[in-house]
Structure formats: structure tokens, C-alpha cells
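# Working through the structure, step by step
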Amino acid sequence: MSIAVIQMVSQADIARNLQTARELLAEAAEAGARLAVLPENFAALGHPQVPAIARAEAEGLGPILPWLSAVTREFGLWLVAGTIALPPDGAPGARPYACSLVYDDQGRRVARYDKLHLFDAEVADSRASYRESDDYAAGERLVVVDTPVGRLGLSVCYDLRFPELYGALRAAGAELIAAPSAFTQVTGEAHWQVLIRARAIETQCYLLAAAQGGEHAGGRRTHGHSAIVDPWGRLLAECERGAGVLVRPRDAAEQAALRQRMPLANHRRFSVPCLSTANVE
């Protein structure tokens, strides 16, 4: 059962981003992927009207949610839809979350994860300061969902710096963990590969790290280096810069054998309680 990780260089033009994503997903499906992961902000990176996007999508007037349902049906793919801005279900005027949605191959939304950790930090690049909390509310729950390629935990970008989340996902049964991201060039060069490999090693999960990788509007630069990392911490595939598709199979037998030989879950002396889990919405 193969997994695809998609790298993009998204801009503020939603229609163009969706067309690019469709082309990349077609390539993933052609290569035999059953599940694909898009990067953070795949549809609207740098768009100046985050609240307007969120409200339009919640009211059924935006292009992104219908596109997700249609493209997953078209290609017969399960999809982790990076992140989009969405308010709480049933409250279109409320403050949005950076939302990672999972769609099945019939075009149905089966899970929603609201990013827990918001990136409010000073970075030595052209932007200097990032404050996600200006646009988004912070999520409050952990989400794990069953898919054809295994039990999938959801995380987003800055979450990678908080290993307790990944331990909780493993405790909730995760076998793979998605990490759609848009790491800055500066922080990515310093920490990206260390973080994705560490999260895979400590959870004994496949880490599906779908990133933005290039130049964006306003001079923003993202690190790229999207990767599929196996439970031993090996980079099975990597895309350095620009748009690209990575496809690799999950070896469930090898993963189970590793967990048996080194039963980390049985040896853990400290754990963080899970907030919640969900198979489906």
C-alpha cells in the first residue's frame, strides 16, 4: 500500500494552486498511491484575506472544499489536505483554525484536525516575525483516523517541535503520522530533517512530511525537503526544492517486527493523556 507526499510552492492564487495540486495528485495516483499528503497552506499561501477564505468555505461558497471532494473521487485517493482556514463546524463567522482535513476515496470528509501549536516566533529572514495567532485560533484535540494504508495520526508543521503530541498519537494507535508543513528557509536548514527523523524514530511510525519548498509572494522562502521517513528514521524519499511527488510503499510487516524487537511503547515510564481520538467525524 503506497503513500504519496506532495511538495508545492504555493502562492496567493487559489485557482492556480488547486490546478497545480491536481496535476501532482494525478501523478501520485498514476504511481499507485492510495493516500496522499498535501503541504500546509497548499491552496492559499500568503493570501491576505484568511478570514474571508474561511467564511466562504464554511458557507459553501468557496472553491477549496468542493475541489477536495471532487479530486479524491476522481483519482480514487485518500487525501490529507494539508491545511486550509476553517471556522468551527456550524459557526461560519467564528475565528478560523488552521485545519487539516482527511478525505476518503469517495470524496467524503472523514476527519478534521485543528493545528494545536501556532507559530509565533522571530526568525532571521526577510519577514523577521511570524504570528499565526493573529489569523488563527489554536486547536484543542488530538486526532487519529483509520485509512487503507494504516492508522494515521495528524499534525502540522510547528507541532513537530512538541514531541509529547507525537507520543500521544502513538499511544492512540498511530502507525503513520502526517506533518504538512511550510518551514521557513532559516528554521528548515537548522532543524527540519532532525525533527522529522526524531519524530519517526521515537514513535516507530512512518512520518509523511509534505512541505512547501521555494519562493512565495512577499519574499517568503520555504525550506522544502519533503520526505517520507520510515519507523527506523531512514529517509526513503526526499524532494529538495520546487514542486514534486514522492511515492513509497508502507512495509507493515517490517514495522511490526521493529516494534516487537524494540517495544518502546511497553518501556515508556511517562506519558501525556490523550485529549481525544476519532476514527471518523
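For the structure itself, look to the data block above.
This is a predicted model, so every value here is computed, not measured.

Parameters at a glance
- Residues numbered from 1 in each chain as written.
- Predicted model: local features only at pLDDT ≥ 70, side-chain atom pairs only at ≥ 80, totals over all residues.
- Heavy atoms only, no water.
- Pairing = 2+ DSSP bridges.
- Helix = DSSP H or I, 4+ residues; strand = E, 2+ residues; numbered from the N terminus.
- Axes fitted to C-alpha atoms, helices over the stretch in contact; angles between N-to-C directions.
- Salt bridge = Lys/Arg side-chain N within 4 Å of Asp/Glu carboxyl O.
- Buried < 20%, exposed > 50% of the residue type's maximum accessible area, 1.4 Å probe, protein only.

### Some remarks on the sheet that holds strand β12 (residues 206–209)
In space, the 6 strands of this open sheet follow the order β9-β10-β11-β12-β13-β14, with mixed pairing throughout. Of all strands in the sheet, those with a lone pairing partner are β9 (144–147) and β14 (235–239), marking the two edges. Going from strand to strand, the sheet's axes swing by 20° on average, the running direction of each strand aside. In the sheet, strand β10 (residues 150–154) pairs with strand β11 (residues 176–178) via 3 bridges, with the strands oriented parallel. Residue pairing for β11: Gly153 is matched across the bridge by Ile177.

### What to know about the pattern of salt bridges
For the coordinates displayed, the defined rule picks out 17 salt bridges. In this structure, Asp89 engages Arg109 in a salt bridge whose closest nitrogen and oxygen atoms are separated by 2.8 Å. One end of the pair, Asp89, is in the loop between β4 (84–86) and β5 (97–103); the other, Arg109, is in strand β6 (residues 109–114), with 20 residues separating them in the sequence. Assessed through its relative accessible area of 52%, Asp89 is described here as exposed. It is possible to trace a salt-bridge network through shared partners that takes in Asp89, Arg109, Arg112 and Asp114.

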